[in-house]
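The residues making up each chain are set out below.
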Amino acid sequence: MTLLLMGDINVDTTMSIDKYPLIGEDAFADRISTQPGGGIVNSAASLAGLGADVALSASTGQDVWAEMVLRKLKEAGVELSRVVQLADATTGLIFLPVFEGERTMFSYRGANELYHPDWLNDDYLQGVELLHFSSYALLTQPYRDSILKAIVMAHNANIPVSVDMSFEPVLQQTEVFRQLLPGLAVCILGMQEAVQLVGRKTADECADSLLDAGVKLVGIKLGKQGALLARMGERKMFPIFNVDTVDTTGAGDSFSSGMIYGYHYGFDLEATGTLASALGALATTVYGGGLGMDWHSKLGLFLEERQGTSDVQAFGNGIEKLMEHLKLAE
């Protein structure tokens, strides 16, 4: 059965630079990579790489960018029948200069903003077991109405709904997100988004408020401090794995896919948080969001390398449980 992800499909051009230029100055890149991008694309890459059945719902142009991104997604095993190509629109484009491992984004959403609710027919959720959406899809119409319609359809079909929140969408659509909280199975967000939504000061307080609002599983990303995962009656802090960071693009999206995967397959909190943290760390070791990477093998090696290290104590039984869940110990 399928995990359906709604959000933006983009083409990311990532450039490694040695400095940021002043306005009007030139800058030069010593490395450049053009890959499919967008939050749901990055999440789909790691989910499909772990063997999950994944489908995307989005809109692109009918241009060379769409041809490239859709071909690579299809090669990665992502189902694309719900992707609509528009002749009079340009596929979303993002330019990402990377300096000292951190990236800055310059985005043109293009065709992404045009996904129309009329395209969600009676068969739209056929075979779907979980609906996940990116918060950026709620920024503009008609995409906002498409997301809200899909959520209603999912609730009516008893399909769990997940969201990955970012600050700008939450800032602009705070009340919309608050109204969605009671129907969320999984809510993934940063501390800024959590404070904006519930008005509490600490991660624990924010998690309590989100759970009280009806969210089943909460993941609050806390940067270098790691992440707090919580569900009713249980919570745990997860540190970040230490890796040689190349590019942070897609790290949060891969963290989200770990939470989605863990929830969907019934992992306990330790295994879910360990998976999310591991996938987020792995995403930073390559340029781009990791589409085409052998996530299953990489994850297995990643976890095996951490056996007997301080990470085992930091993650409790999470590493052992995760290896057992994913049959990576064999």
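Up top is the structure.
The text that follows walks through the structure, step by step, so that each part is easy to find. Because the structure is a prediction, the values reported are computed rather than measured.

**Some remarks on the overall build of the protein**
Within the protein, the secondary structure is distributed over twelve helices and 14 strands. Principal-axis analysis of the C-alpha atoms gives the protein an extent of 55 × 50 × 40 Å. When each of the 330 residues of the protein is scored for burial, the buried share is 54%. Of the roughly 14,400 Å² that the protein leaves accessible, carbon and sulfur atoms contribute 49%. Computed over 23 positive and 41 negative side-chain charges, the inter-centroid distance for the protein is 3 Å.

**Side note on the sheet that holds strand β4 (residues 53-61)**
What the nine strands build is an open sheet, ordered β5-β4-β1-β9-β10-β11-β12-β13-β14; its pairing is mixed. Either end of the sheet is taken by a strand with one partner, and the two such strands are β5 (79-86) and β14 (234-238). Neighbouring strand axes in the sheet, compared pairwise and without regard to direction, differ in orientation by 15° on average. In this sheet, strand β12 (residues 217-221) lies alongside strand β11 (residues 186-190) in parallel orientation, the contact comprising five bridges. Bridge pairing in β12 places valine 186 opposite leucine 217. Of the strands in this sheet, β12, β13 (227-231) and β14 touch helix α9 (residues 269-283), which is tilted by about 30° from β14.

**Observations concerning the pattern of salt bridges**
All chains considered together, the criterion is met by twelve salt bridges. Between lysine 321 and aspartate 268 there is a salt bridge; the shortest N-O distance is 2.8 Å. Note that lysine 321 is positioned in helix α12 (residues 318-325) and aspartate 268 in the loop between α8 (251-264) and α9, a separation of 53 residues in sequence. By sharing partners, the salt bridges in this structure join Asp8, Arg109 and Glu113 into a single network.

**Some points on the environment of tyrosine 136**
Position of tyrosine 136 among the secondary structure elements: in the loop between β9 (128-134) and α3 (143-156). Residue classification places tyrosine 136 among the partly exposed residues on the basis of a relative accessible area of 35%. Between the C-alpha atoms of tyrosine 136 and glutamine 173, which are 37 residues apart in sequence, the distance is 10 Å. Ignoring sequence-local partners within four residues, the contact set of tyrosine 136 consists of Arg109, Ser166 and Pro169.

Criteria and cut-off values
- Residues numbered from 1 in each chain as written.
- Predicted model: local features only at pLDDT ≥ 70, side-chain atom pairs only at ≥ 80, totals over all residues.
- Heavy atoms only, no water.
- Helix = DSSP H or I, 4+ residues; strand = E, 2+ residues; numbered from the N terminus.
- Buried < 20%, exposed > 50% of the residue type's maximum accessible area, 1.4 Å probe, protein only.
- Areas by Shrake-Rupley, 256 points an atom, 1.4 Å probe, with all protein chains shown as cover.
- Lys, Arg positive; Asp, Glu negative; His and termini not counted.
- Charge placed at Lys NZ, Arg CZ, Asp CG, Glu CD.
- Pairing = 2+ DSSP bridges.
- Axes fitted to C-alpha atoms, helices over the stretch in contact; angles between N-to-C directions.
- Contact = heavy atoms within 4.5 Å.
- Salt bridge = Lys/Arg side-chain N within 4 Å of Asp/Glu carboxyl O.

These figures come from the coordinates and say nothing about function on their own.
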